[in-house]
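Residues per chain are reported as follows:
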4 protein chains.
Amino acid sequence: MNEKNIEESPLKQRLRSIIFGTDTPEGKAFDIALLVSIVASILLICLDTIDSLHNNYGELFLIGEWMFTIIFTLEYVLRLYCSQNRFHYARSFFGVVDLLSIIPTYLALIFPAANFALAIRVLRLFRVFRVLKLLRFLADGNLLLKAMLQSSRKVFMFFFSVSLIILVLSVVMYVIEGPNNGFSSIPKSMYWTIVTITTVGYGDITPQTPLGQAIAALTMLIGYSIIAIPTGILTAEISHEMVKVRDLRKCSNCGKKGHDNDAQFCNHCGSDLETLDSLTNP
Amino acid sequence: MNEKNIEESPLKQRLRSIIFGTDTPEGKAFDIALLVSIVASILLICLDTIDSLHNNYGELFLIGEWMFTIIFTLEYVLRLYCSQNRFHYARSFFGVVDLLSIIPTYLALIFPAANFALAIRVLRLFRVFRVLKLLRFLADGNLLLKAMLQSSRKVFMFFFSVSLIILVLSVVMYVIEGPNNGFSSIPKSMYWTIVTITTVGYGDITPQTPLGQAIAALTMLIGYSIIAIPTGILTAEISHEMVKVRDLRKCSNCGKKGHDNDAQFCNHCGSDLETLDSLTNP
Amino acid sequence: MNEKNIEESPLKQRLRSIIFGTDTPEGKAFDIALLVSIVASILLICLDTIDSLHNNYGELFLIGEWMFTIIFTLEYVLRLYCSQNRFHYARSFFGVVDLLSIIPTYLALIFPAANFALAIRVLRLFRVFRVLKLLRFLADGNLLLKAMLQSSRKVFMFFFSVSLIILVLSVVMYVIEGPNNGFSSIPKSMYWTIVTITTVGYGDITPQTPLGQAIAALTMLIGYSIIAIPTGILTAEISHEMVKVRDLRKCSNCGKKGHDNDAQFCNHCGSDLETLDSLTNP
Amino acid sequence: MNEKNIEESPLKQRLRSIIFGTDTPEGKAFDIALLVSIVASILLICLDTIDSLHNNYGELFLIGEWMFTIIFTLEYVLRLYCSQNRFHYARSFFGVVDLLSIIPTYLALIFPAANFALAIRVLRLFRVFRVLKLLRFLADGNLLLKAMLQSSRKVFMFFFSVSLIILVLSVVMYVIEGPNNGFSSIPKSMYWTIVTITTVGYGDITPQTPLGQAIAALTMLIGYSIIAIPTGILTAEISHEMVKVRDLRKCSNCGKKGHDNDAQFCNHCGSDLETLDSLTNP
């Protein structure tokens, strides 16, 4: 490792700290520029699907698309160049995503099959997570994530029970309403049940028989009530995590615990508090 | 009881521990295989209701249905054979469900009345709960269940009040809108009120008069607001139960309370903590 | 008062304790019978509005209606007879409701104007609250009511802000979409905004212009987010009230506080705990 | 400043305390009268958009509109007259809003372009906030605002994640359903995704293909689940703020903390408690 660093040119080292790093001002600027480029290129793909805009500005969109593709290709080559282990990068999750985000535009030169290439081109969005890995280091994200992981077992049991309820209600509605009223199969009936239990209620399929409407009303009341359960679980976990984080913020001078997330000084003796991030992100 | 055990063949005892028990690895494997079979047989019933699939793969589905029916019949016979008290099993809830899940396929040989047999065949789903009784022993389920039981009296009062509101609003809307605008009877008007107050909003029946729309808007705002009440009740109960469970986790060495659900060692003196399950599931 | 009691016949006193009181077994039985009668008479009115049932069982419903009217008339006369101050009762809220619940059926003999009489006949429902005053004495109801009163000021401010948001969005949508797309006036536009912000979403009026759809999407996201606010307020209040009620449950032997709502004995010293109701309902 | 006060006529000083101040009874009365006028003038604009009312009472509405405009003009002139620094007031946010609320009616004399003038006329609504600044001083508003600010970073991260999910689902649905089923462009598909994920569910665009319906069902379940997250965050924050506010309410006699928001006397020693407002609004 040490030997490798000696071989590398200072330019390569500097490039790596800019492209892969997030600590230097240049590294942060690069990440922000990349985030803006990704969002802009996605926006361009979205707007290009509107017929009236495509007809008027189609060529402009094409130029923009090629510009972003060239930028991302350049970035991919630079990443390959300055990474310490090129094969490792090329085979990593982000390496594959980086490659997938530039290939479709080149492919479109040869096979102009619009829709499929589009679907892959939008994978570009996953590159956003490359920049977002920054957020992982924020205390708030950690707290939320921890609360969600802690409650995941309870939430899984909740969704398991909901699935059973959905299946039973779907079969009952399929038997009662039948194909004549739009409940043409059990999977279709499950689609209706999910539309109803989540209180979305499109109205493309609605019960027509009195008994069907009564069971539909029951389904709605079930959906309306059980929405309380995941909220209750998650709230209790977040509350608990927040208390724990505050208890971690102990003044090293007087020992008082329970300071606020954003407190800079101990509210008991006035001495400087350590930052929270160092405590919650070991 | 002892005498009975002496009479029993070791095979019968072993079968019982596999089929009814959940402690041995074989018992767990049997339960998982059963769970998979039940889910697969239900899935098969669901897919068979899709016309295009039924036309193409109908025979395959029929073969699968008979295969599962034979498996479940075999299982039922084995359960009957190795249970200590056969009449007790046959008359128990799960005994009846087990029987009901195999009868319809045999009946369909004689009377091919599709829909009704289907409805009963899906009762098979209740057999899932046989396997799920395992979940009862998980601490999380216990906590959730306890919180729901503790809050059931408050939630009942909430639903009682909501029922009164729904009835009053239904009558008012029936009088205002009348049969010409789709509010053809008070029960139908109640269906509309439930669709609206739960924020489902199909749109199959909508108020047409200005006064009706004003009261509809009021109904929506009521539904939107009171959704907070059961959430508040349940969250407060879950929070309280979680604190209580944590307080139960007392270190037997130093006496410190309030350890996390997943903590293995006391975070004060480092000694091993008893498992939570033994505490919350006496 | 004392003199009055001396004049009264024991029958009258006993009747009063049955009809108005809730402490004796007879008083409770009377209240339950009354509750059942009210619910049954309302159910009958509801079912009578269904055309097919009205055509087949219309005469049965009429007989039932007259039966209940005679029962309620008898009850009204008895209440008048045995109340200590007849004018006071007749002019009280419940006295007026009791009278209003029997008059419409008699009026229908003279003026058979169905709908209006129906609307008043359903006022009968308010009589349910006469029986429900019992619930006021339940600790859970008290806790919920107190939490709602405590949070009412915050909830009022929330609804005031929501009203402003609704008004602004309505005007903006009226200007953008205009009468051609169903937004025929600002009140109609407000109806649409409430349908959208409460996530009901009938779909009878939907935005057609791209800008309108963008603002509609914003409206939905606002509605989706701010639903969290009343829930948060109420949950925090209920949580606080529950802790306070538990703190009130102090063991008179060892002084330990914080017992559960349903605890019968102190979990520290084992002595009998006073009932909660006497503490929270002074 | 002192010199300026000496120059001013007592009338001007008194007018200023009435118009800008909120401490004197006259100042409060003025604010309430202003609030009523603003709400009434907005109501009038709203009702005027209903065709039937406009045709019958159009002239009455016009007279009302001019009456309110003259009142607000008078108020604006008085504010200009009695403010200590006229240019400062005229250029301030509320000064501009005050002016904007009277100009459109005068402009309508010259250019009768209804819709645009209407949109500006409704800016009048922002004047409500002038009166509402009073509410800022209420402890409840402060607590709510503080809880929302404290949780804003977490809520922002939540909405960022939701935006990503919406974008990915929109593209997937656009590729699957395509323009033939109403998903004519990615922005339109985003409109559908937001309608679905917020559980509004208009039903103007609904998935037609089985795969599209499956992904729609997934979208609904996601929307139904993640509604719990902002609720959890906000509830935990409000809970924490409420505990903090109660801890601030310390009895100056015996030192006991944790009194209720509305407590007047210490529940431990009985001495008078300071008002909460002075503590939370420094």
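Residues numbered from 1 in each chain as written. Chains lettered and ligands numbered in written order. Predicted model: local features only at pLDDT ≥ 70, side-chain atom pairs only at ≥ 80, totals over all residues. Heavy atoms only, no water.

A. Geometry of the interface of chain C and chain B. With 44 residues of chain C at the contact, the number on the chain B side is 43 residues. Of the roughly 4,000 Å² buried between chain C and chain B, counting both surfaces, carbon and sulfur atoms make up 73%. The tally of links from chain C across to chain B stands at 0 salt bridges. Applying the counting criterion to the chain C and chain B interface returns 5 residue pairs in polar contact (both at pLDDT 80 or more). Going through the elements one at a time, helix 3 (25-48), helix 8 (114-121), helix 9 (128-132), helix 10 (139-150), helix 12 (186-197), helix 13 (210-226) and helix 14 (228-248) of chain C are the ones with two or more residues in the side of chain C that touches chain B. Residue contributions to the side of chain C that touches chain B peak at 8 residues, all from helix 14 of chain C. Here the residues of the side of chain C that touches chain B sort into 28 nonpolar, 10 polar and 6 charged. (Contact = heavy atoms within 4.5 Å. Buried area = accessible area lost by both parts, 1.4 Å probe. Salt bridge = Lys/Arg side-chain N within 4 Å of Asp/Glu carboxyl O. Polar contact = N/O pair within 3.5 Å; in protein donor to acceptor, adjacent residues only side chain to side chain. Helix = DSSP H or I, 4+ residues; strand = E, 2+ residues; numbered from the N terminus. Nonpolar A, V, L, I, M, F, W, Y, C, P; charged D, E, K, R; others polar.)

B. Focus on the UniProt feature "transmembrane region" (unreviewed entry) in chain A. Residues and elements named next belong to chain A. The UniProt entry lists residues 29-48, 60-81, 101-123, 155-176 and 214-236 under the feature "transmembrane region" (unreviewed entry), expressed in the numbering used here. What you have in residues 29-48 is 100% helix and 0% strand, and the ends, taken at the C-alpha atoms, are 28 Å apart. When the span residues 60-81 is considered, its composition is 100% helix and 0% strand, and the gap between its end C-alpha atoms is 31 Å. (UniProt positions renumbered as here; feature names shortened; annotations may be inferred.)

C. Structural detail: the relation of the copies chain C and chain B. Overlay of chain C on chain B (RMSD 0.1 Å): rotation 90 degrees, translation along the axis 0.0 Å. Within this description, the copies of the chain are treated as partners about a four-fold rotation axis. The residues that chain C uses at the interface reappear at the interface of chain B in only 16% of cases, marking distinct surfaces. (Least-squares fit on C-alpha atoms with pLDDT ≥ 70 in both.)

D. How the structure looks around helix 12 (residues 210-226) of chain A. The end-to-end C-alpha separation of helix 12 of chain A is 24 Å, in line with the 24 Å expected for 17 residues at 1.5 Å each. The complete set of buried residues in helix 12 of chain A reads Gly212(A), Gln213(A), Ile215(A), Ala216(A), Ala217(A), Thr219(A), Met220(A), Gly223(A), Tyr224(A) and Ile226(A). (Expected span 1.5 Å × (residues − 1). Buried < 20%, exposed > 50% of the residue type's maximum accessible area, 1.4 Å probe, protein only.)

E. Layout of the relation of the copies chain B and chain A. Aligned on chain A, chain B shows an RMSD of 0.1 Å; the corresponding rotation is 90 degrees and the shift along the axis is 0.0 Å. A share of only 16% of the interface residues of chain B reappears at the interface of chain A, consistent with the copies meeting through non-equivalent patches.

F. Summary view of the packing of helix 11 (residues 186-197) of chain A against helix 13 (residues 210-226) of chain D. Two elements in contact, helix 11 of chain A and helix 13 of chain D, have axes whose closest approach is 9 Å; the angle formed by their N-to-C orientations is 25 degrees. Here helix 13 of chain D runs roughly parallel to helix 11 of chain A, going by the angle between their axes. Considering only the axes of helix 11 of chain A and helix 13 of chain D, their crossing is left-handed. Touching Lys188(A), Tyr191(A), Ile194(A), Val195(A) and Ile197(A) of helix 11 of chain A are Gln213(D), Ala216(D), Ala217(D), Met220(D), Leu221(D) and Tyr224(D), all from helix 13 of chain D. (Axes fitted to C-alpha atoms, helices over the stretch in contact; angles between N-to-C directions. Parallel < 35°, antiparallel > 145°, perpendicular 65-115°, else oblique. Left-handed = near helix turned anticlockwise from the far one by under 90°.)

G. Layout of the nonpolar core. Membership of the largest hydrophobic core comes to 124 residues, with the highest contact counts inside it found for Ile238(A), Ile238(B), Ile238(C) and Ile238(D). For this core, the leading source of residues is helix 10 (residues 139-177) of chain A, giving 8 residues. Not counting the four nearest positions on each side in its chain, Ile238(B) is found in contact with Ile229(A), Gly232(A), Ile233(A), Ala236(A), Leu143(B), Leu144(B) and Ala147(B). Counting residues in each nonpolar core, the second largest holds 19 residues, with Leu167(A), Ile45(B), Phe72(B) and Val128(B) among its members. (Core = buried A, V, L, I, M, F, W, Y, C linked by side-chain atoms within 4.5 Å.)

H. View of the packing of helix 4 (residues 51-82) of chain A against helix 7 (residues 103-110) of chain A. Residues and elements named next belong to chain A. Running from amino to carboxyl end, helix 4 crosses helix 7 at an angle of 125 degrees, the nearest separation of the two axes being 9 Å. Taken as axis vectors, helix 4 and helix 7 run oblique relative to one another. For the pair helix 4 and helix 7, contact is made by Glu65, Trp66, Thr69 and Thr73 and by Thr105, Tyr106 and Leu109, respectively.

I. Here's a closer look at the interface of chain B and chain A. At the junction of the two partners, chain B supplies 44 residues and chain A supplies 43 residues. Of the roughly 4,000 Å² buried at the junction of chain B and chain A (both faces included), carbon and sulfur atoms supply 73%. Where chain B packs against chain A, one counts 0 salt bridges. Here chain B and chain A share 5 residue pairs in polar contact (both at pLDDT 80 or more) between them. Elements with a contribution of two residues or more to the side of chain B that touches chain A: helix 3 (25-48), helix 8 (114-121), helix 9 (128-132), helix 10 (139-150), helix 12 (186-197), helix 13 (210-226) and helix 14 (228-248) of chain B. Take the side of chain B that touches chain A: its biggest share by element is 8 residues, from helix 14 of chain B. Tallied by class, the residues present in the side of chain B that touches chain A amount to 28 nonpolar, 10 polar and 6 charged.

J. The environment of Ser239(B), seen in detail. Residue and element names in this part refer to chain B. Along the chain, Ser239 falls in helix 14. Its relative accessible area of 22% is what places Ser239 among the partly exposed residues. Sequence separation between Ser239 and Asp204 is 35 residues; the distance between their C-alpha atoms is 40 Å.

K. A look at the pattern of salt bridges. Residues and elements named next belong to chain B. The full count for this structure, using the stated rule, is 12 salt bridges over all chains. Across the pair Arg79 and Glu75 runs a salt bridge, and its minimum N-O distance is 2.6 Å. Note that Arg79 and Glu75 are positioned in helix 4 (residues 51-82) at a spacing of 4 residues, about one turn of the helix. Each of the two residues, Arg79 as well as Glu75, counts as buried.

L. Up close: the packing of aromatic side chains. For the structure shown, the criterion picks out 23 aromatic pairs over all chains. A ring pair is formed by Trp66(A) and Tyr106(A), whose centres lie 5.5 Å apart and whose planes are at 70 degrees; its orientation type is edge-to-face. Separated by 40 residues along the polypeptide, Trp66(A) in helix 4 and Tyr106(A) in helix 7 bring together distant segments of the chain. For Trp66(A), a relative accessible area of 23% corresponds to the partly exposed category. With a centroid separation of 5.3 Å and 65 degrees between ring planes, the pair formed by Phe183(C) and Trp192(C) is classed as edge-to-face. (Phe/Tyr/Trp six-rings, centres within 6.5 Å; stacked < 30°, edge-to-face > 60°.)

M. Spatial organisation of the environment of Met148(A). Among the structural elements, Met148(A) can be located in helix 10. Among the residues examined, Met148(A) registers a relative accessible area of 36% and is labelled partly exposed. Spatially, the C-alpha atom of Met148(A) lies 7.7 Å from that of Glu237(A), the residues being 89 residues apart in sequence. Beyond its immediate chain neighbours, meaning those up to four positions away, Met148(A) contacts Leu234(A) and Ile229(D).

N. Focus on the confidence of the model for chain A. Residue and element names in this part refer to chain A. Here chain A shows a mean pLDDT of 79. Residues at 70 or above account for 75%. Of all the helices and strands in chain A, helix 14 (residues 276-280) carries the lowest mean pLDDT, 41, while helix 11 carries the highest, 93. Below pLDDT 50 for its whole length, residues 1-5 participates in 5 contacts with residues either more than four positions away or in separate chains. A low-confidence stretch, residues 275-282 (pLDDT under 50), is modelled with 16 contacts involving residues beyond four sequence positions or located in other chains. The complex model carries a pTM of 0.82, and its ipTM stands at 0.78. (pLDDT = per-residue confidence, 0-100.)

O. Fine view of the side chain of Thr198(D). For Thr198(D), the position within the fold is in the loop between helix 12 (186-197) and helix 13. For Thr198(D), a relative accessible area of 0% corresponds to the buried category. In this view, Thr198(D) contacts Thr199(C), Met220(C), Leu221(C) and Tyr224(C); residues no more than four positions away in its chain are not counted.

P. Region of the structure containing the environment of Thr69(C). All names here are of chain C. As for its position among the elements, Thr69 is in helix 4 (residues 51-82). For Thr69, a relative accessible area of 0% corresponds to the buried category. As a C-alpha pair, Thr69 and Pro104 span 35 residues in sequence and 9.4 Å in three-dimensional space. The contacts of Thr69, once residues within four sequence positions are left out, are Ile102, Thr105, Tyr106 and Arg124.

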